[in-house]
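Letter by letter, the chains look like this.
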Amino acid sequence: TTSIYHVFIISIDRYWSVSFPASYLNRMNRKMALRMIVPTWLVPLAWWFALIVGHPLLYGRRVPQGFCRANYAGNLVLTYASTSITYWVPVVVITTLYI
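Not measured: the values here are computed from a predicted model.

Enquirer: I would appreciate a short explanation of helix α4 (residues 76–98) in the present structure.
Expert: Since one α-helical turn is 3.6 residues long, residues separated by three or four positions face the same way. An ideal rise of 1.5 Å per residue puts 33 Å on 23 residues; α4 measures up with 31 Å between its terminal C-alpha atoms. At Ser84, α4 is bent by approximately 45°, the largest bend along its length. Within the span of α4, buried status applies to Ser82, Thr86, Pro90 and Ile94.

Quick look at the structure:
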């Protein structure tokens, strides 16, 4: 998840540099770079924590001992939300920026 968000942020950065070359150098500074990099680590961490740690605490352990799968795998809403947030939304935005 973090790696796809890094590619996502690089795509946004490249889009800004090509679309707004005059203001890009003024806008892109250390503070803006941190504003872009920190969420690429915090958003996946928060999402992981909510799914992997929070879900079993709220709903109990649903995976029998000896099986290896995500605890939320039986919950279709969480499975689709997880896939969308971690993969499809960044891919659609990246593809749109490069078209």
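Enquirer: I keep staring at the pattern of salt bridges and nothing clicks. Help me out?
Expert: Opposite charge on two side chains allows them to pair when their charged atoms are near. Under the defined criterion, the tally for this structure stands at one salt bridge. We note a salt bridge from Asp13 to Arg14, for which the minimum N-O separation is 2.6 Å. Classification of Arg14 as partly exposed rests on a relative accessible area of 37%.

Enquirer: Can you help me understand a nonpolar patch on the surface in this one?
Expert: A surface patch of nonpolar side chains, amounting to about 680 Å² of accessible area, comprises Leu34, Val38, Leu42, Leu45, Trp48, Phe49 and Ile52. By secondary structure assignment, the location of Val38 is in helix α3 (residues 30–59).

Enquirer: Would you mind showing me how to read the packing of helix α1 (residues 2–19) against α4 here?
Expert: How two helices sit against one another is set out by the angle between their axes and by the gap between those axes. Contact geometry of α1 with α4 gives a least axis separation of 10 Å together with a crossing angle of 20°. The orientation of α1 relative to α4 falls into the category roughly parallel. Like other packed secondary-structure pairs, α1 and α4 cross with a definite hand, here left-handed. Along the contact surface, α1 presents Ile4, Tyr5, Val7, Phe8, Ser11, Ile12, Arg14 and Tyr15, while α4 presents Ile85, Thr86, Tyr87, Pro90, Val91, Val93, Ile94, Leu97 and Tyr98. Looking at side-chain class alone, the contact of α1 with α4 contains 14 nonpolar, two polar and one charged residues.

Calculation rules
Residues numbered from 1 in each chain as written. Predicted model: local features only at pLDDT ≥ 70, side-chain atom pairs only at ≥ 80, totals over all residues. Heavy atoms only, no water. Helix = DSSP H or I, 4+ residues; strand = E, 2+ residues; numbered from the N terminus. Expected span 1.5 Å × (residues − 1). Bend = angle between axes of the 7 residues up to and from the residue. Buried < 20%, exposed > 50% of the residue type's maximum accessible area, 1.4 Å probe, protein only. Salt bridge = Lys/Arg side-chain N within 4 Å of Asp/Glu carboxyl O. Patch = residues over 30% accessible without salt bridge, like charges linked within 9 Å, V, L, I, M, F, W, Y side chains within 5 Å. Areas by Shrake-Rupley, 256 points an atom, 1.4 Å probe, with all protein chains shown as cover. Axes fitted to C-alpha atoms, helices over the stretch in contact; angles between N-to-C directions. Parallel < 35°, antiparallel > 145°, perpendicular 65-115°, else oblique. Left-handed = near helix turned anticlockwise from the far one by under 90°. Contact = heavy atoms within 4.5 Å. Nonpolar A, V, L, I, M, F, W, Y, C, P; charged D, E, K, R; others polar.

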